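The lines below spell out each chain.
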Amino acid sequence: MTFLVQGYLREIGQQVSVVQRSVNEMEELLLLWRTPAGVPDPVQPASLHVRHGAIAFEHVTFTYPGQPDPLFNDLSVQIAAGSRVGLVGPSGSGKSSFTKLLLRLYAQNSGRILVDGVDTATVRQSDLRSQIALVPQEPLLFHRSLAENIAYGRPDATPEQIEHAARLANAADFIERLPEGYATLVGERGIKLSGGERQRVAIARAFLADARILVLDEATASLDSQSEALVQEAMERLMEGRTVLIVAHRLATVVGLDRILVFQHGQIVEDAPHAQLVQRTGGLYQQLYALQSL
Ligand SMILES: Nc1ncnc2c1ncn2[C@@H]1O[C@H](COP(=O)(O)OP(=O)(O)OP(=O)(O)O)[C@@H](O)[C@H]1O
Ligand SMILES: [Mg+2]
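The structure reproduced in this document is the subject of the present report. Keep in mind that this is a model prediction, so the values were computed, not measured.

Thresholds applied
- Residues numbered from 1 in each chain as written.
- Chains lettered and ligands numbered in written order.
- Predicted model: local features only at pLDDT ≥ 70, side-chain atom pairs only at ≥ 80, totals over all residues.
- Heavy atoms only, no water.
- Salt bridge = Lys/Arg side-chain N within 4 Å of Asp/Glu carboxyl O.
- Helix = DSSP H or I, 4+ residues; strand = E, 2+ residues; numbered from the N terminus.
- Buried < 20%, exposed > 50% of the residue type's maximum accessible area, 1.4 Å probe, protein only.
- 1 Å grid on protein atoms, 1.4 Å probe; cavity = no way out; pocket = protein on both sides within 12 Å on 5 of 7 lines; lining within 4 Å.
- Points joined across faces, edges and corners; volume = space filled by probe spheres on them.
- Nonpolar A, V, L, I, M, F, W, Y, C, P; charged D, E, K, R; others polar.
- Phe/Tyr/Trp six-rings, centres within 6.5 Å; stacked < 30°, edge-to-face > 60°.
- Near = heavy atom within 4 Å.
- Polar contact = N/O pair within 3.5 Å; in protein donor to acceptor, adjacent residues only side chain to side chain.
- Areas by Shrake-Rupley, 256 points an atom, 1.4 Å probe, with all protein chains shown as cover.
- Pairing = 2+ DSSP bridges.

## Points about the pattern of salt bridges
Inference 1: In this structure the tally under the stated criterion is 9 salt bridges.
Inference 2: For the salt bridge of Glu218 with Arg250, the shortest nitrogen-to-oxygen distance reads 3.5 Å. Here Arg250 lies in the loop between strand E8 (243–247) and strand E9 (259–264) and Glu218 lies in the loop between strand E7 (213–217) and helix H8 (225–239), a separation of 32 residues in the sequence.
Inference 3: Exposure remark for Glu218: the relative accessible area of 7% places this residue in the buried category.
Inference 4: Here Arg250 falls in the partly exposed class, since its relative accessible area comes to 28%.
Inference 5: Here Glu270 and Arg280 are joined by a salt bridge, their closest N and O atoms 3.8 Å apart. Residue Glu270 is found in strand E10 (residues 267–272), and its partner Arg280 is found in the loop between helix H9 (274–277) and helix H10 (284–292); the two are separated by 10 residues along the sequence.
Inference 6: Exposure remark for Glu270: the relative accessible area of 6% places this residue in the buried category.
Inference 7: For Arg280, a relative accessible area of 35% puts it in the partly exposed group.
Inference 8: Salt bridges linked by common partners bring Glu163, Arg167 and Glu176 together as one network.

## Examining the layout of surface pockets
Inference 1: There is about 690 Å³ of room inside the largest pocket.
Inference 2: Residue lining of the largest pocket: 20 residues in total, with Arg129, Ile132, Leu134, Tyr152 and Gly153 positioned closest to the centre.
Inference 3: Across the lining of the largest pocket, the residue classes tally to 13 nonpolar, 3 polar and 4 charged.
Inference 4: For the second largest pocket, the calculated volume is near 290 Å³.

## Structural notes on the packing of aromatic side chains
Inference 1: The full count for this structure, using the stated rule, is 7 aromatic pairs.
Inference 2: Residues Phe62 and Tyr64 carry aromatic rings whose centres are separated by 4.9 Å and whose planes lie at 70° to one another, so their mutual orientation is edge-to-face.
Inference 3: Residue Phe62 is classed as buried on the basis of its relative accessible area of 1%.
Inference 4: Ring centres of Phe142 and Tyr152 lie 5.1 Å apart, and the angle between their planes is 50°; on these two criteria the pair is classed as tilted. Of this pair, Phe142 sits in the loop between strand E6 (132–135) and helix H4 (146–150) while Tyr152 sits in the loop between H4 and helix H5 (159–168); the two residues are 10 residues apart in sequence, bridging distant segments of the chain.
Inference 5: An aromatic cluster of three or more residues is present, and its members are Phe57, Phe98 and Phe263.

## Some remarks on the site of ligand 1
Inference 1: For ligand 1, the set of nearby residues contains 13 residues, the closest of which are Ser91, Gly92, Lys95, Ser96 and Ser97.
Inference 2: Within the side chain of Tyr64, an N or O atom sits 3.4 Å from a nitrogen atom of ligand 1.
Inference 3: Residue Tyr106 places a side-chain N or O atom 3.3 Å away from a nitrogen atom belonging to ligand 1.
Inference 4: Here ligand 1 loses 64% of its free accessible area of 640 Å² to cover by the protein chains.
Inference 5: For the shell around ligand 1, the residue count by class is 4 nonpolar, 8 polar and 1 charged.

## Observations concerning empty space enclosed by the protein
Inference 1: Counted by the stated rule, this structure contains 2 cavities of 30 Å³ or more.
Inference 2: Its volume calculated, the largest cavity comes out at about 60 Å³.
Inference 3: At 4 residues, H8 tops the list of elements feeding residues into the lining of the largest cavity.
Inference 4: Approximately 40 Å³ is the volume attributed to the second largest cavity.
Inference 5: Every residue lining the second largest cavity is listed: Val135, Gln199, Leu216, Asp217, Glu218, Met235 and Ile246.
Inference 6: Grouping the constituent residues of the lining of the second largest cavity by class yields 4 nonpolar, 1 polar and 2 charged.

## Here we look at the pairing of strand E1 (residues 55–62)
Inference 1: Burial runs high along E1: 6 of the 8 residues are buried.
Inference 2: Judged from the 5 bridges that link them, E1 and strand E2 (residues 72–79) form a sheet pairing that is antiparallel. Residue pairing for E2: Phe62 is matched across the bridge by Phe72.
Inference 3: By the bridge criterion, 5 bridges tie E1 to strand E4 (residues 110–115) in an arrangement that is antiparallel. Considered in E4, the bridge of Ile55 is made with Val115.

## Some details on the sheet that holds strand E5 (residues 118–119)
Whenever strands of a sheet pair, they do so through backbone hydrogen bonds, lying parallel or antiparallel.
Inference 1: Pairing is antiparallel across the open sheet formed by 4 strands, whose spatial order is E2-E1-E4-E5. Looking at the sheet topology across the chains shown, the edges are occupied by E2 and E5.
Inference 2: Inspection of the sheet shows E4 paired to E5 by 2 bridges, in the antiparallel sense. Following the sheet pairing, Val115 is matched in E5 by Val118.

What follows is the structure, given as structure tokens:
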């Protein structure tokens, strides 16, 4: 009897600690849920339907909270609908911040950012972000099935649509080779995907989102050349017929684009296609290019 009772008591003890942990996790979730959004939505949001995908920054000044000096000071630039624009420049020059302002992850201090002529400060943020697809530098996968991960931006997508997106993203082959296919769990406690595979899942997400504006933040970590080629090919396919901003770390990515914006200390110091920029003697792009083609 002593042993039996001891066994039961131990089990009760274990259950109590499980309950304790769940309560703690729920408390954290509630805390997060109650945190007000960093950028508030307008009280009476205007509607946004991105048809063409033109982008304009007008006299934008922006200082990161807690920083003494502005990163962008009176920055203006127009990006035509359907054009493919590369953002290059040294580390810390403001490339990622530029895309964050476009997505309104931060609010500018003054000036306007327009998408198809609509001031992004006047629309609901969820509206804006559902119409700009983002392939981040380090795509985040959730502890969910691959299918759910791909459908993240469009939870109502059918299995056929998900599969089609995966195929366009060059992800279908590796997914179908997994024993459980699209039902395979990924993330923290699921299978681990390689960097290139994760990127292709993120590209499949963007295909499914089918937005007119696409923001690609190129991975800094280098992939093996085969994986690289698959990602590159999927990106080319994804760019078709959209306005594209690519933050590029390897200049090979931007050589074929319509236009390259060269950032330095929060300013756009050069703005032209590759062929013109490499010829500008003493230009920043020419220097960066010389460094990378050593
Ligand atoms: N959340 C933040 N708070 C304060 N300062 C920030 C924040 N994020 C970026 N910065 C600063 O803003 C500047 C621009 O950063 P940003 O991330 O836009 O550079 P980047 O051009 O994308 O660089 P990289 O090529 O390394 O990705 C940097 O000086 C950086 O330290
Ligand atoms: Mg960056």
